[in-house]
There are 2 protein chains.
Amino acid sequence: MTIDQLRRRIDELDERLVELLNERATCALQIGEIKQALGLEIYQPERESHVLGHVREHGRATRGPLGPEALTRLFERIIDEARRLERESAHMPGQGATPKTDTAAKD
Amino acid sequence: MTIDQLRRRIDELDERLVELLNERATCALQIGEIKQALGLEIYQPERESHVLGHVREHGRATRGPLGPEALTRLFERIIDEARRLERESAHMPGQGATPKTDTAAKD
């Protein structure tokens, strides 16, 4: 493949990544709502450990070029963004699991 | 859905994310190989701007919850890991686009 073809493939992969990351964030927000209703703490370190262990294991099984350290850094950022949305959502009672995105801000 | 069901869905999404991130990294490594063969610079800021603009646009079209700032932070990390792999690959002549993962390191 040429550089242009590879870049087009990356653009396609990025669109799918955006969709999956958004679906993941929606699930995380729904969990945040349930936790809030039950009075549970948003930050649950044992769940975070599970998520990171799970992606490292899947990365090993699929033999990607991304090793466990790279996957850990990537998913720490993904978890961090989910937590940020959960906290924003918790501070906007009534907005529930579909808070305004930050579309208006700096873009 | 219950918290357990939502977490199982997140685990499924994470497996797909790992696969797509690995496919993306493989494409980036192939681009790195071509650039190296042609003597081009690995860091091409205009391509990075295109990638970030593209994911923000797709995020807006798919109406997130992840806003443009969150997507920018996530894809800056994704691009950063790709660049790290390209540089590692460039320092391992003969290994080409399939360098050893960092599986052996600290995991």
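Notes on the structure follow. Source: prediction; values computed, not measured.

Cut-offs used in this document
Every chain is numbered on its own, with residues counted from 1 as its sequence reads. The order in which chains are written sets their letters, starting at A; the order in which ligands are written sets their numbers, starting at 1. Only residues with pLDDT of at least 70 are given local features in this predicted model, and only at 80 or more are side-chain atom pairs given and counted; all residues enter the totals for whole chains, interfaces and linings. Excluded from the side-chain calculations are hydrogens and water; all other atoms, namely the structure's heavy atoms, are used. What counts as a helix is a DSSP run of H or I of at least four residues, what counts as a strand is a run of E of at least two, and both are numbered from the N terminus. For each residue, the accessible area found with a 1.4 Å probe, counting protein chains only, is set against the maximum for its type, and the residue is called buried under 20%, exposed over 50%, and partly exposed in between. By definition, residues are in contact when any of their heavy atoms lie within 4.5 Å. Under the convention used here, a 1.4 Å probe and the Shrake-Rupley method define accessible areas, while residue burial counts only the protein chains that appear. Defined in terms of a 1.4 Å probe, buried area is the accessible area two parts forfeit on being brought together, summed over both. Salt bridges are defined by distance alone: a side-chain nitrogen of Lys or Arg within 4 Å of a carboxyl oxygen of Asp or Glu. For this analysis, a polar contact is any N or O atom pair within 3.5 Å, provided that within protein one partner can donate a hydrogen and the other can accept it, and provided that sequence-adjacent residues contribute only side-chain to side-chain pairs. Residues are grouped as follows: nonpolar covers Ala, Val, Leu, Ile, Met, Phe, Trp, Tyr, Cys and Pro; charged covers Asp, Glu, Lys and Arg; every other residue, Gly included, is treated as polar. The axes are straight lines fitted to the C-alpha atoms, using for helices just the contacting stretch, and the angles between their N-to-C directions are given from 0 to 180°. Note on terminology: angles under 35 degrees are roughly parallel, angles over 145 are roughly antiparallel, angles of 65 to 115 are roughly perpendicular, and the others are oblique. Whether a crossing is left-handed or right-handed is set by the direction in which the near helix is turned from the far one by less than a right angle, anticlockwise for left-handed and clockwise for right-handed. Only residues with pLDDT of at least 70 in both copies contribute their C-alpha atoms to the least-squares superposition of the copies. Here, the term nonpolar core denotes a set of buried Ala, Val, Leu, Ile, Met, Phe, Trp, Tyr and Cys residues that are joined through side-chain atoms within 4.5 Å.

**Re the overall build of chain A**
On a plain count of helices and strands, chain A comes out with 3 helices and 0 strands. Going residue by residue from the N terminus, the α and β elements of chain A occur as α-α-α. Buried positions account for 47% of the 107 residues belonging to chain A. Long-range pairs, those at least 24 residues apart, make up 68% of the contacts in chain A between residues at least 6 apart in sequence. Summed over its atoms, the accessible surface of chain A is roughly 5,600 Å², and 49% of this surface lies on carbon and sulfur atoms.

**A short note on the interface of chain A and chain B**
Taken residue by residue, the interface counts 63 residues in chain A and 63 residues in chain B. Of the roughly 6,300 Å² buried between chain A and chain B on both sides combined, carbon and sulfur atoms contribute 66%. Between the two partners, chain A and chain B, sit 8 salt bridges. We note a salt bridge from Glu81 of chain A to Arg73 of chain B, for which the minimum N-O separation is 2.6 Å. Summed over the shared surface of chain A and chain B, the result is 22 residue pairs in polar contact (both at pLDDT 80 or more). Among the elements of the structure, α1 (3–38), α2 (45–62) and α3 (68–90) of chain A are those that each provide at least two residues to the side of chain A that touches chain B. Here the side of chain A that touches chain B is composed, by residue class, of 28 nonpolar, 14 polar and 21 charged.

**Some details on the packing of helix α2 (residues 45–62) of chain B against helix α3 (residues 68–90) of chain B**
Residues and elements named next belong to chain B. One way to put it is that α2 packs onto α3 with a least axis distance of 9 Å and a crossing angle of 140°. What the angle tells us is that α2 and α3 run oblique. Where α2 crosses over α3, the two elements pack in a sense that is right-handed. Contacts between α2 and α3 involve Glu48, Val51, Leu52, Val55, Arg56 and Gly59 from the former and Pro68, Leu71, Thr72, Phe75, Glu76, Ile79 and Arg83 from the latter.

**Some points on the relation of the copies chain A and chain B**
Placing chain A over chain B gives an RMSD of 0.1 Å and needs a rotation angle of 180°, together with 0.0 Å of translation along the axis. Read as a symmetry element, the transformation amounts to a two-fold axis. Measuring from the rotation axis to each C-alpha of chain A, the shortest distance belongs to Leu17 of chain A, at 3.3 Å. Of all interface residues in chain A, 100% are interface residues in chain B too; the two copies therefore contact each other through one and the same surface.

**Topic: the pattern of salt bridges**
Counted under the stated rule, the structure contains 24 salt bridges over all chains. Between Arg77 of chain A and Glu81 of chain A there is a salt bridge, with the nearest N and O atoms lying 3.2 Å from each other. In this pair, Arg77 of chain A and Glu81 of chain A are both assigned in helix α3, 4 residues apart and thus about one turn of the helix distant. In the salt-bridge network here, residues are joined through shared partners; they are Glu48, Arg77, Asp80, Glu81, Arg83 and Arg84 of chain A together with Arg73 of chain B.

**Describing the side chain of Thr72 of chain B**
Residues and elements named next belong to chain B. Along the chain, Thr72 turns up in helix α3. There is a polar contact of 2.9 Å between the side chain of Thr72 and the side chain of Arg56. The residues touching Thr72, leaving out its near neighbours within four places in the chain, are Leu52 and Arg56.

**Points about the nonpolar core**
Core analysis: the largest hydrophobic core is formed by 48 residues, its most contacted members being Leu21, Leu66 and Phe75 of chain A together with Leu21, Leu66 and Phe75 of chain B. Elements with a minimum of two residues in this core: α1, α2 and α3 of chain A together with α1 (3–38), α2 and α3 of chain B. With 13 residues, the top contributor of residues to this core is α1 of chain A. Ignoring any residue separated from it by four or fewer positions in sequence, one finds Leu21 of chain A in contact with Ile78 of chain A together with Leu17, Leu66, Leu74 and Phe75 of chain B.

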